[in-house]
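Summary of the model geometry
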Amino acid sequence: MDKYVVFRVEREQYVISIAYVVSIEKMTAPTAVPHMPDYMDGVVRIRGELVPVLDMRKLLYGRAIEETDQTRLIVAAVDDLSVAFIVDEAKEIADIGQDAIQPLQLMSAERTPYLVGMATLPDRLLTVLDPRVLFNHLEEAEEIREQVDAVQSDEPV
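Attention here is on the structure that accompanies the text.

Criteria and cut-off values
Residues numbered from 1 in each chain as written. Predicted model: local features only at pLDDT ≥ 70, side-chain atom pairs only at ≥ 80, totals over all residues. Heavy atoms only, no water. Pairing = 2+ DSSP bridges. Helix = DSSP H or I, 4+ residues; strand = E, 2+ residues; numbered from the N terminus. Axes fitted to C-alpha atoms, helices over the stretch in contact; angles between N-to-C directions.

1. Examining the sheet that holds strand S5 (residues 49-55)
Judged by pairing direction, the sheet is mixed, and its five strands sit side by side in the order S3-S6-S7-S5-S4 without closing on themselves. The outermost strands of the open sheet, each flanked by one partner alone, are strand S3 (21-26) and strand S4 (40-46). Strand-to-strand twist of the sheet, defined as the mean angle between neighbouring strand axes without regard to direction, takes the value 30 degrees. In this sheet, strand S7 (residues 81-87) lies alongside strand S6 (residues 72-78) in antiparallel orientation, the contact comprising seven bridges. Following the sheet pairing, Ala 77 is matched in S7 by Ser 82.

Here's what the structure looks like:
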């Protein structure tokens, strides 16, 4: 059994392997970074590190998250960068066996390679998401990395 963080975006439930999760944080207002894509709400400082904040609802559904008391930032390790994903709710940690995860046979798999499978549990279906593939699939991934590096290097130590 592997551990996964279960989170909600709109009415759908997703999971990412806890191996990628750095932390789960309460929502804090990000600082805007000019000339970034609309799904990037800005950056936040988490334990001294500048972290880009990406709106999962914009990425998956094309519209902004409506912030509530349940809104959370899931901070994930994406190669050499931490990235915070805004989600409607981080629900729980679930144990999911590899035998419960089936690969997706979707026609849109080329456009959504970050949706890596469907976890079938007795009471629900959960879409398995790989945060590294999601971030690296973004057209502006390299630009986001460069902007975060530039902002980080401009700051006094």
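2. Quick word on the pairing of strand S2 (residues 12-17)
Relative to S2, strand S1 (residues 2-9) runs antiparallel, the two being bridged by six bridges. Pairing of Val 9 across the sheet is with Glu 12, part of S2. The hairpin formed by S1 and S2 contains two residues between the paired strands, and Glu 10 there has a positive phi angle of roughly 60 degrees. Where S2 meets strand S11 (residues 124-129), two bridges bridge the pair, whose relative direction is parallel. Bridged to Val 15 within S11 is Val 128.

3. Points about the sheet that holds S11
A sheet is described by the order of its strands in space; here six strands give the open sequence S8-S1-S2-S11-S10-S9, paired in mixed fashion. Each having just a single partner strand, strand S8 (89-96) and strand S9 (101-102) make up the two edges of the open sheet. Judged from the two bridges that link them, S9 and strand S10 (residues 115-121) form a sheet pairing that is antiparallel. Note that in S10 the partner of Gln 102 across the bridge is Met 118.

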